[in-house]
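These are the residues of each chain, in order.
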Amino acid sequence: MVIFKYAVELNKYISARRANGAQIGFVPTMGALHEGHISLIGKAKADNTLVICSIFVNPTQFDDKSDFEKYPVTTEDDIEQLIDAGCDVLFIPSVDEMYPGGVSSVRGYDFGYLEQLLEGLQRPGHFHGVGQIVGRLLEIVEPQFLYLGQKDYQQCMVITKLVAMMGLYELKVVICPTVREPDGLAMSSRNRRLTETQRARAGVIYQCLVSIESKRDTSDFSVVQKECMELLVAKGFVVDYVALAHARTLQPAGNYLKGEPMVALIAARIGEIRLIDNMVF
Ligand code: AMP
């Protein structure tokens, strides 16, 4: 695996490989890699001849300074995992490299209503930061395929919109299934900050999602939502939302919609750790 710290060198390398016919698949990450990330690398590897992964903990997408400061950094272990997964290139830039003229110098995008609900509401400025960094990375890497995890459902929608807004009509966004722990907890870099007790309780988020799906034809969502909130609180969570939305638009739905694709989304905090997850049905 070749490792680059500087955008100009990475871009030069990629241009040469592209000129030789390489098809480029790109997996942007913030590091502290786990099997969820590696599944994206695996899919990129199956589809492309050159797989590029980036590791960059992007300061502009953190609305909470302490969450940014405590974000796990496990670079050596990440590199080993990427080599084992057959990743070809790792881009691991500094903040100065990504924001050479300061954080406000990089273009932001307006994602409209997508920024005004769920994660957008809970984390002001978060998707602005995501748009800035992914936009910049796409300009540098110019991939043909971009791999994202369904785990971050709203982010997938925001980035799909970003790709359209940037006019990248040749770029295909591939959304990969959420990889889970045996108890259903979605793998996340933040999981490693959970205490043993918190970790033992965290599977309840997945149980709630399963329950929301399974009661689609038999219950009102408001009833299931209340049950889920109570269960989460009983396990020590502070609930940001237990929500139901149309799966294609993310428009909030007060109740199950017959015959329509739906997504249930949960965000909840236990101690200092905020976890999100979703299920499409
Ligand atoms: P992150 O490092 O958290 O920014 O995530 C980088 C990419 O990996 C994003 O596209 C995430 O949605 C994806 N990802 C994170 N966790 C998982 C998971 N458990 N399963 C599948 N993809 C994931």
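Residues numbered from 1 in each chain as written. Predicted model: local features only at pLDDT ≥ 70, side-chain atom pairs only at ≥ 80, totals over all residues. Heavy atoms only, no water.

K.L.:
Whenever I open this one, the sheet that holds strand E7 (residues 238-246) confuses me. Can you help?
P.N.:
Strand pairs in the sheet, formed through backbone hydrogen bonds, run parallel or antiparallel to each other. Ordered by their spatial adjacency, 3 strands build an open sheet running E7-E8-E9, and the pairing between neighbours is antiparallel. Edge positions in the sheet fall to E7 and strand E9 (273-280), since each has one partner strand and no second. On average, each strand axis in the sheet is tilted by 10 degrees relative to the strand beside it, whichever way the strands run. Where strand E8 (residues 262-270) lies against E9, 8 bridges are found, and the strand directions are antiparallel. Following the sheet pairing, Ile266 is matched in E9 by Asp277. Across the sheet, helix H11 (residues 221-234) lies against E7 and E8, angled at about 155 degrees from E7, the strand it touches most. (Pairing = 2+ DSSP bridges. Helix = DSSP H or I, 4+ residues; strand = E, 2+ residues; numbered from the N terminus. Axes fitted to C-alpha atoms, helices over the stretch in contact; angles between N-to-C directions. Contact = heavy atoms within 4.5 Å.)

K.L.:
Please explain the site of the ligand as it appears in this structure.
P.N.:
Around the ligand, a shell composed of 16 residues is seen, among which Met30, His37, Asp152, Val179 and Met187 lie nearest. Between the ligand and Gly149, the relevant distance is 2.9 Å, taken from an oxygen atom to a main-chain nitrogen or oxygen of the residue. Separating an oxygen atom of the ligand from a side-chain N or O atom of Asp152 is a distance of 2.6 Å. Protein contact buries 93% of the 480 Å² of open area that the ligand shows by itself. Mapped onto the shell around the ligand, the elements with two or more residues apiece are strand E2 (24-29), helix H2 (35-47) and strand E5 (145-149). If one sorts the elements of the shell around the ligand by residue count, H2 sits on top with 3 residues. Tallied by class, residues from the shell around the ligand come to 8 nonpolar, 6 polar and 2 charged. (Near = heavy atom within 4 Å. Polar contact = N/O pair within 3.5 Å; in protein donor to acceptor, adjacent residues only side chain to side chain. Areas by Shrake-Rupley, 256 points an atom, 1.4 Å probe, with all protein chains shown as cover. Nonpolar A, V, L, I, M, F, W, Y, C, P; charged D, E, K, R; others polar.)

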